[in-house]
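Structural description and commentary
What follows is the residue order along each chain.
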Amino acid sequence: MEFLWCLVVGVMTTCGVFLMLERHIVRFLFGMILISSAINLAIFVAGRLTRGNPPLIASDALLPAAGYANPVPQALILTAIVIGFGLLLFTLLLAYRAIKELGTADMDKMHNTEAGQ
Amino acid sequence: MSSIIFRTSAHIVTVLMLVFSVYLLLRGHNNPGGGFIGGLIVVIAFALLMLAESPDYVRERLVYSPLAFAGFGVVLALLAGVLPLFFGQPFLTGLWLGKIGSPLLFDVGVYFAVLGSVLTILLNVEEELS
Amino acid sequence: MTQWPLVLPVFIPLLTATACAFSFRSHKLSSVISWAGALANLCVALLLIQRVISQGLLVTAFGDWQAPFGIVFVADLLSASMVLITAIIGVAIVLYSTTDLRSKPFYAIYHSFIHVLLAGVMGSFLTGDIFNLYVFFEVMLITSFGLMVINANRQQVDGAVKYVVLNLISTMVFLLAIGLLYGATGTLNMADLNAKVALLPETTMMLIAGLFLFGFAIKASAFPVFSWLPASYHHLPSAIVALYAALLTKVGVYALIRVFTVVFDLVDSGYQPLLIIIAGLTMLTGVLGAASQFNIKRILSFHIISQIGYMLMGLAIYTPLAITGAIFYIIHHIIVKANLFLIGGFLQRRQGSDNLRELGGAYQSMPWLALLFLIPAFSLAGFPPLSGFWGKFLVIKASLQTDAYLLAATALFVSLMTIYSMTKIWAEAFWKPLPDNAAAPIALTRLENCLYIVPIVALAVITILIGLLAEPVYQLAETSAINLLNPERYINAVLGNMPEPGQISVLAAGESQP
């Protein structure tokens, strides 16, 4: 099962890198989305795929009952998704602004920052 | 977007979703749910209203600027963080008064911070694009 | 009560930021709030470093969830001194931006963002949990994105695209590294990782360490991945670029130093030869890039890169003396670099340009500013007895001790080239008469002049003080370096108050079930 998920992560990353190599800024963004999802999946797989119970501690116990699922990777992914969501929103708007302002979506043609040299 | 069915139902659904978001916020105490998801549902509710009416309509209904909601939320969450320090306990430790405690305050803070910041983005984007 | 000074450096900037955002209607009110927040933070930072010197390491576990399960904030000597320097820069930038950004719309939002950025930087220095480090990096990053594009013109948007693209890649690599590290060791606490990383198979360890190195190298703008920095910095408002120049890359270097001493051992990880090459090339490319530029902010931006090379060199040599040098260098560099950008910004404000061809005559009209420029400029180049001399002296001495002669020669050559760049700014902006086609200098009011000059003078005084009182700063850096290379004290302080061993083994078994 883990091997299968590793393959999925690998394929997603490959597609993401391929898209990121494009000069078109929107394709780059799609590549980034793919890779960040792949990384989230990788963290999930790295936390081991087990069929477990919710990691809740009963009110009269000190430890959760055996066979609980590891909650840490899920907390990590949740945080990463929220942060990724913010970054993605920002980058999308920046790309929109760049295309409107600079008149091109081709990153090779964005030379304005070197102007005046 | 100006269909009368959509506009009428959007108003009803928005109210229902606002109630549901509060339910999710409180449920988050010891079940799946919580401030983050509750805040997002508020945003979806207002997004629906925004599509049915206009961004200005939503701003008017919000009374305060969405950014103010976000700021209020951050202050609440920070307050929940420092409160235990006054009682000699580490940052963010839960303080309990019966069933209600500082984690609820934190969650309410998250709720407002999320709804405020995402609504700010949403309304500005809608105004910029249209 | 020991927790207060640990939490407040992050808490105060966040609260100040919210208050600034609420007071957007009145410029005066938001300035006052911003000043008050920055000054309060400086007081807390002083309190923190005093506590750390007198009581040793301070640790607090959030929500009373003990390490290694909960998130901890740890202040050792390195963190505390970094927090202090950040707080000093915070005060300087806030004062300076009161006049520099006054004319901008969204003035209060600028202040608000500056404080959130400071919170992110402080959090990165204080946290003892590697995922929390990621979160604070993101707080810093998102705010820096925001500051970069508020009210942006064409060039700023273009620069921002480059900045955002490379930094997003760094973020993703860093996150992947954390995920894999957690998968391999089952912990995220840096102190706990120290022992567990040593047990990993070598290839796994090298893969993860390489990802960390790559991610942090982008943040620190090291050799092959520095291009975002000169592309994006020079079009920003002066106050903002000074803040970025002082702090952002240095947080990357701090993270490298922290991760490659406490978590991984640089020598064991096998990346030492690579890092030595990176350090040398970073120095060289930075300084050569600067030589070809004719714009104050661009020259200074390229110099950030070359100076990062010295810090990486200190880390790469990996002897106590070298790391002492690197830490000394970071402390010196943050102050000096911010000051140079503030002076450049002042010149730009007066003449309306930061291009050296359109500048001149500053020595005639403001001889005192020329003197103030010489202090950080000579310090950057490494003239004794200014602060930069000691930093360079320490890293070069360490490289000679380890027979890295080529590296030492590179460092000395780069230092010479730095003098060339600094004299270029001096000759063009200060010495040469004002060109005929240049606009007449803008007259500033007394208050504006004051607000521009006070932070510059204060930072210059600190530079001189670090130079003259090198001994205490050296001892501070040396103690930090020794503690980094022998992290037992750090580990004991963080993990010391763990629950009983029986409980842990049960929990650990539950956590890493296959």
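Residues numbered from 1 in each chain as written. Chains lettered and ligands numbered in written order. Predicted model: local features only at pLDDT ≥ 70, side-chain atom pairs only at ≥ 80, totals over all residues.

**Some words on the overall build of chain B**
Looking only at helices and strands, chain B has 5 helices and 2 strands in total. Listing each helix as α and each strand as β along chain B from the N terminus yields α-α-α-α-β-β-α. With the principal axes as the frame, chain B shows a C-alpha extent of 55 × 30 × 20 Å. Out of the 130 residues belonging to chain B, those deemed buried represent 37%. Excluding contacts between residues fewer than 6 apart, the proportion of contacts in chain B whose partners are at least 24 apart in sequence is 68%. (Helix = DSSP H or I, 4+ residues; strand = E, 2+ residues; numbered from the N terminus. Buried ≥ 20, exposed ≤ 12 C-beta atoms within 10 Å, placed from the backbone. Contact = placed C-beta atoms within 7 Å.)

**Some points on the overall build of chain A**
Along chain A, the regular secondary structure elements total 3 helices and 0 strands. Over its C-alpha atoms chain A spans a radius of gyration of 20 Å, topping by over 25% the 13 Å that the globule rule assigns to 117 residues. Across its three principal directions, the C-alpha atoms of chain A cover 70 × 30 × 20 Å. When each of the 117 residues of chain A is scored for burial, the buried share is 26%. Partitioning the intrachain contacts of chain A with sequence separation of at least 6 by distance along the chain shows that 52% fall at a separation of at least 24. (Rg over C-alpha atoms; globule rule 2.2 N^0.38 Å.)

**Some points on the interface of chain A and chain C**
One widely used convention gives an interface's size as the accessible area the parts lose upon coming together. Every contact between the two is made by 35 residues of chain A and, on the other side, 34 residues of chain C. Of all the elements in the fold, those that place two or more residues in the side of chain A that touches chain C are α2 (25–46) and α3 (72–102) of chain A. With 15 residues, α3(A) is the single largest residue contributor to the side of chain A that touches chain C. Among the residues making up the side of chain A that touches chain C, the classes are represented as 22 nonpolar, 10 polar and 3 charged. (Nonpolar A, V, L, I, M, F, W, Y, C, P; charged D, E, K, R; others polar.)

**Quick word on the nonpolar core**
All names here are of chain C. With 269 residues, the main nonpolar core has Leu243, Leu315 and Ala338 as its most contacted residues. No other element matches the 20 residues that helix α10 (residues 238–263) contributes to this core. In this view, Leu315 contacts Leu256, Ile257, Phe260, Leu266, Leu275, Ile323 and Ala326; residues no more than four positions away in its chain are not counted. (Core = buried A, V, L, I, M, F, W, Y, C linked by C-beta atoms within 7 Å.)

**Description of unusual backbone geometry**
Residues and elements named next belong to chain C. For the peptide bond that leads from Pro384 to Pro385, omega is 5 degrees, which places it in the cis range. One non-glycine residue, Phe106, adopts positive backbone phi at about 60 degrees. Among the structural elements, Phe106 can be located in the loop between α3 (77–100) and α4 (107–126). Exposure remark for Phe106: the 13 C-beta atoms within 10 Å place this residue in the partly exposed category. In this model, Tyr318 sits at a positive phi of 65 degrees, which is unusual for a non-glycine residue. Mapped onto the secondary structure, Tyr318 falls in the loop between α13 (296–317) and α14 (320–351). Look at Tyr318 and you get buried, because 20 C-beta atoms sit within 10 Å.

**Comments concerning helix α8 (residues 202–220) of chain C**
Residues and elements named next belong to chain C. For α8, with 19 residues, the first-to-last C-alpha span of 26 Å sits near the 27 Å given by 1.5 Å per residue. All of the buried residues in α8 are Met205, Ile208, Ala209, Phe212, Leu213, Gly215, Phe216, Ala217, Ile218, Lys219 and Ala220. Looking at the buried side of α8, the elements it contacts are α6 (154–185), α7 (190–198), α10, α11 (266–269), α12 (272–291) and α13. The first or second residue beyond α8 is Ser221, which carries a positive phi of 55 degrees. (Expected span 1.5 Å × (residues − 1).)

**Structural notes on the environment of Gly186(C)**
Within the secondary structure, Gly186(C) sits in the loop between α6 and α7. Residue classification places Gly186(C) among the buried positions, given that 20 C-beta atoms sit within 10 Å.

**Concerning the pairing of strand β1 (residues 58–61) of chain C**
Residues and elements named next belong to chain C. Both faces of β1 are covered, namely the face carrying Leu58 and Thr60 and the face carrying Val59 and Ala61. By the bridge criterion, 4 bridges tie β1 to strand β2 (residues 72–75) in an arrangement that is antiparallel. Within the sheet, the bridge partner assigned to Leu58 lies in β2 and is Ala75. (Pairing = 2+ DSSP bridges.)

**Description of the confidence of the model for chain A**
Here chain A averages 85 in pLDDT, while 95% of its residues score no lower than 70. For chain A, α3(A) is the element with the lowest average pLDDT, namely 89, and helix α1 (residues 2–20) of chain A is the one with the highest, namely 93. (pLDDT = per-residue confidence, 0-100.)

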